[in-house]
Amino acid sequence: MPSLKTLAAAAGLLALAAAAPAQAQNTGNKNIGIDEAKKVVTVGAFTPVTGPVPFYAILTHAADAYFKHVNENGGIEGWTVKYVTQDDGYEPARSASVTRQMVEREGIFALAASVGTATNTAVLPYAREVGLPVVGPIGGASAFYVDPNVFPLLPDYGWSAAMNVDYAVNDLKLKKIALLWENDELGKSGKRGFDLYMKHVGLEPVESVPFDVKTTSFAPHIRRVANAGAEAVVLFGSNANLAAALKAADQAGVSAKWFAPFFTADPSTFKLAGDLLNGVYFSSWLMPVTSGEPSVAAYRAAVKKHYPNDAQGVFGLNGWSNAAVFGEGFRALLKSGKPLTRENLVKALETLDGVTVGGAKGVSFRAGDHRGTRQEGIIQAQNGQFVLVRDFRPYPDVVFNAKAE
């Protein structure tokens with residue numbers, strides 16, 4: 001999902017965090033959200049039911065379907081999960097406000113699969129204040145990887161761009177590679193990883209062309225790509241951008257191999273691009289939605305049961321997988337035998353090592369290093385489906401261990 005700049009919103013929330021009432025302070029060691037007698041743990045999430053991106057609610061539907069599925073199948077080591085959600089309209093100030101309400105009124109143990117980059121960033125000051133774990137935030141910000149209370153799945157887009165280049169160079173033996181990148185933090189993050197890995201393999205991009213997120217005509221961009229003789233084109237932008245670029249390339253007779261990030265490997269992109277999407281490669285930390293893996297098959301069945309009108313795609317599997325981070329962490333906490341506190345949940349999550357979480361493989365968290373997703377596979381669009389064509393591999397060290405700019 002595209003990152004959003006959040007400095008102004010986050011700064012505006014410092015007063016909100018400071019104004020938290022006394023009873024909400026220093027609660028990290030209390031078993032808030034834990035009902036030992038009934039074996040119920042309460043977790044929460046904010047989600048944009050209203051506002052500019054109400055379709056993101058599909059992420060929360062899938063997370064809710066995950067918890068319903070868990071509860072219907074014996075719970076987590078016998079514990080039931082109560083999932084509380086609040087509409088924040090995708091407004092960072094409201095996200096912080098409803099999070100405080102869920103802590104104080106609902107007594108949530110943790111946030112689980114809360115939606116948005118700017119919105120999750122905005123709640124961090126308050127979460128730190130009360131010791132609230134933020135588990136599986138659905139967004140991408142460098143702060144998430146190092147904050148001791150935050151456990152993200154989504155990777156830095158630069159890591160994904162590097163995986164696209166790695167497959168193009170080492171598996172397809174292509175050398176002339178161009179980059180089309182959205183001129184915002186999403187595209188700039190992808191560009192950083194692309195440039196770093198290209199330098200690592202001793203190559204220069206034949207073209208590097210920015211575009212605005214609202215771009216609908218890619219004819220000028222494709223001319224530059226064609227004139228440069230590109231054998232491969234890596235595009236970091238939305239599914240609508242990808243579809244428009246593919247159409248322009250088709251009209252211009254450009255036959256390069258195409259690469260794109262995980263969130264475009266979705267049925268909605270086939271609706272936009274049609275058969276032109278067939279053959280496109282996607283670096284993805286998620287297994288294909290059609291995968292036979294039990295954790296992915298469970299997603300399909302649960303969403304069909306609880307939200308039959310929702311499309312089954314990468315957005316839904318994303319929400320399901322981020323909710324599953326809490327499930328795996330709480331299971332580890334229960335098995336540890338330690339008191340059920342927020343602090344011990346954080347410690348339990350940091351013991352997860354190479355586990356499969358929903359649609360993600362090889363997820364690990366360590367103290368001081370919360371980069372949960374540490375590997376990606378390569379998916380290709382084939383005959384209207386998404387197929388894994390290269391199994392999951394660790395991100396190249398040159399980008400994975402690079403310091404964020």
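Residues numbered from 1 in each chain as written. Predicted model: local features only at pLDDT ≥ 70, side-chain atom pairs only at ≥ 80, totals over all residues. Heavy atoms only, no water.

### Looking at unusual backbone geometry
Here is step 1: Unusually for a residue other than glycine, Tyr 90 sits at a positive phi of about 60 degrees.
Here is step 2: In this structure, Tyr 90 sits in the loop between β3 (80–87) and α4 (92–106).
Here is step 3: At Asn 383, a position not held by glycine, the phi torsion is positive, near 50 degrees.
Here is step 4: One can find Asn 383 in the loop between β14 (375–382) and β15 (385–394). (Helix = DSSP H or I, 4+ residues; strand = E, 2+ residues; numbered from the N terminus.)

### Brief notes about the pairing of strand β11 (residues 281–284)
Here is step 1: Covered by surrounding structure in β11 are Tyr 281 and Ser 283 together with Phe 282 and Ser 284, the residues of both alternating faces.
Here is step 2: Bridging between strand β10 (residues 257–261) and β11 involves 3 bridges; their strand directions are parallel. Each residue of the ladder has a partner; that of Pro 261, found in β11, is Ser 283.
Here is step 3: Handedness of the crossover is the feature at issue here: the chain leaves β10, passes through helix α10 (residues 267–273), returns alongside β11, and the resulting connection is right-handed.
Here is step 4: The pairing of β11 with β14 spans 4 bridges and is classified as antiparallel. Pairing of Tyr 281 across the sheet is with Gln 380, part of β14. (Buried < 20%, exposed > 50% of the residue type's maximum accessible area, 1.4 Å probe, protein only. Pairing = 2+ DSSP bridges. Right-handed = clockwise from strand over helix to strand, strands pointing away.)

### What about the pairing of β10?
Here is step 1: Where burial is concerned, most of β10 is hidden: 4 out of the 5 residues are buried.
Here is step 2: Here 3 bridges tie strand β9 (residues 232–236) to β10, and the two strands are oriented parallel to one another. Its bridge partner being in β10, Val 234 is matched across the sheet by Phe 259.
Here is step 3: Taken together, β9, helix α9 (residues 239–252) and β10 constitute a β-α-β crossover, and its handedness is right-handed.

### Some points on the nonpolar core
Here is step 1: Ranked by internal contacts, the top residues of the largest apolar core, which has 91 residues, are Val 41, Val 43, Phe 67, Ile 177, Trp 320, Phe 326 and Phe 330.
Here is step 2: Here this core gets 12 residues from one element, more than from any other, and that element is helix α12 (residues 314–336).
Here is step 3: Setting aside chain neighbours within four positions, we find Trp 320 in contact with Ala 62, Ala 63, Ala 65, Tyr 66, His 69, Ser 295, Ala 298, Tyr 299, Ala 302 and Gly 358.
Here is step 4: With 30 residues, the next largest nonpolar core counts Ala 178, Phe 218, Ala 249 and Ala 381 among its residues. (Core = buried A, V, L, I, M, F, W, Y, C linked by side-chain atoms within 4.5 Å. Contact = heavy atoms within 4.5 Å.)

### Notes on the packing of helix α11 (residues 294–306) against α12
Here is step 1: With their axes 10 Å apart at the nearest point, α11 and α12 run at an angle of 110 degrees to one another. In terms of orientation, α11 lies roughly perpendicular with respect to α12. Handedness of the α11/α12 crossing: right-handed. Only Gly 316, Leu 317 and Trp 320 of α12 make contact with α11, whose side of the interface consists of Ser 295, Val 296, Ala 298, Tyr 299 and Ala 302.
Here is step 2: For the contact of α11 with α12, the per-class residue count stands at 6 nonpolar, 2 polar and no charged. (Axes fitted to C-alpha atoms, helices over the stretch in contact; angles between N-to-C directions. Parallel < 35°, antiparallel > 145°, perpendicular 65-115°, else oblique. Left-handed = near helix turned anticlockwise from the far one by under 90°. Nonpolar A, V, L, I, M, F, W, Y, C, P; charged D, E, K, R; others polar.)

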